[in-house]
Amino acid sequence: MKLEEVYKIVKRVNLFESVEPEIEAYARAHDLGDVSWEGSGDMGHAYVTDKNTILKTTSDATELKYAQMVVGKKLDNVVTVYDVDDSVIHMGYSEYGSFDDIDIDEHDDMPDEVKEFVTGVQDGMFQLQRSGVNNLDLKDDNIGRKSNGEYAIFDMSSAKENM
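Residues numbered from 1 in each chain as written. Predicted model: local features only at pLDDT ≥ 70, side-chain atom pairs only at ≥ 80, totals over all residues. Heavy atoms only, no water.

1. Structural notes on the pairing of strand β3 (residues 53-58)
Along a regular strand, successive side chains alternate from one face of the sheet to the other.
Okay, step 1: By the criterion of burial, β3 is predominantly enclosed, with six of the six residues buried.
Okay, step 2: Across the two faces of β3 the burial is the same, with T53, L55 and T57 and I54, K56 and T58 all buried.
Okay, step 3: Judged from the five bridges that link them, strand β2 (residues 44-49) and β3 form a sheet pairing that is antiparallel. Across the sheet, residue V48 finds its bridge partner in β3, namely I54. (Buried < 20%, exposed > 50% of the residue type's maximum accessible area, 1.4 Å probe, protein only. Helix = DSSP H or I, 4+ residues; strand = E, 2+ residues; numbered from the N terminus. Pairing = 2+ DSSP bridges.)

Quick look at the structure:
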């Protein structure tokens, strides 16, 4: 690998872990304190604030539209969206979850944790559909737990067409 290629990779990784200017500006304007990099997905980056909320940038216009549709709504199984501004979504903090977090033993009956997970995701989808949000990109990276322990959908990007 050439030195130029290594430099490009290092620059890309450092860019992801630094705070984007629009995020810093949003945090200052809304008195959210310091912001630090939380993670990246297919369409954007997430940052945690000192107020224990998430600021997310996205290039997915559908996700911005869907997030705008649920601003301020109290949906039990969907992370709270406080505001949508240009390409920034301000939302409640959710612990990143994964289907791998659920311990499924070899039983004929469905374990309680699996029932809780399935019910939480199903309820979240129903709550979003009632708010006009459809065609979600549901995958384990887009589901987490709220501070009260309930499973919640926290990414409202649209599913890819023609999957």
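2. Structural notes on unusual backbone geometry
Okay, step 1: The backbone of D31 shows a phi angle near 55 degrees, a positive value even though the residue is not glycine.
Okay, step 2: Tracing the backbone shows D31 in the loop between α2 (21-29) and β1 (35-40).

3. Notes on the sheet that holds β3
Pairing between the strands of a sheet comes from backbone hydrogen bonds, and it takes one of two forms, parallel or antiparallel.
Okay, step 1: Strand order in the open sheet formed by five strands is β1-β2-β3-β5-β4, and the pairing between neighbours is antiparallel. Of all strands in the sheet, those bounded by a partner on one side alone are β1 and β4 (81-85). Direction aside, neighbouring strands of the sheet carry axes that sit 25 degrees apart on average. (Axes fitted to C-alpha atoms, helices over the stretch in contact; angles between N-to-C directions.)

4. Re the environment of D85
Okay, step 1: Among the structural elements, D85 can be located in strand β4.
Okay, step 2: Residue classification places D85 among the partly exposed positions, given a relative accessible area of 35%.
Okay, step 3: Spatially, the C-alpha atoms of D85 and Y26 are 8.6 Å apart, while their sequence positions differ by 59 residues.

5. Some remarks on the side chain of K56
Okay, step 1: Inspection of the secondary structure assignment puts K56 in strand β3.
Okay, step 2: A polar atom in the side chain of K56 sits 2.5 Å from the side chain of E63.
Okay, step 3: In contact with K56, not counting residues within four places along its chain, are I23, H45, A46, E63, S87, V88, I89, M91 and D155. (Polar contact = N/O pair within 3.5 Å; in protein donor to acceptor, adjacent residues only side chain to side chain. Contact = heavy atoms within 4.5 Å.)

6. Re the side chain of K146
Okay, step 1: Mapped onto the elements, K146 comes out in the loop between β7 (143-145) and β8 (151-153).
Okay, step 2: With no salt bridge to any partner, buried K146 finds its closest opposite charge in E150, at an N-O distance of 4.9 Å.
Okay, step 3: A distance of 3.3 Å separates a polar atom in the side chain of K146 from the backbone oxygen of L75. (Lys, Arg positive; Asp, Glu negative; His and termini not counted. Salt bridge = Lys/Arg side-chain N within 4 Å of Asp/Glu carboxyl O.)

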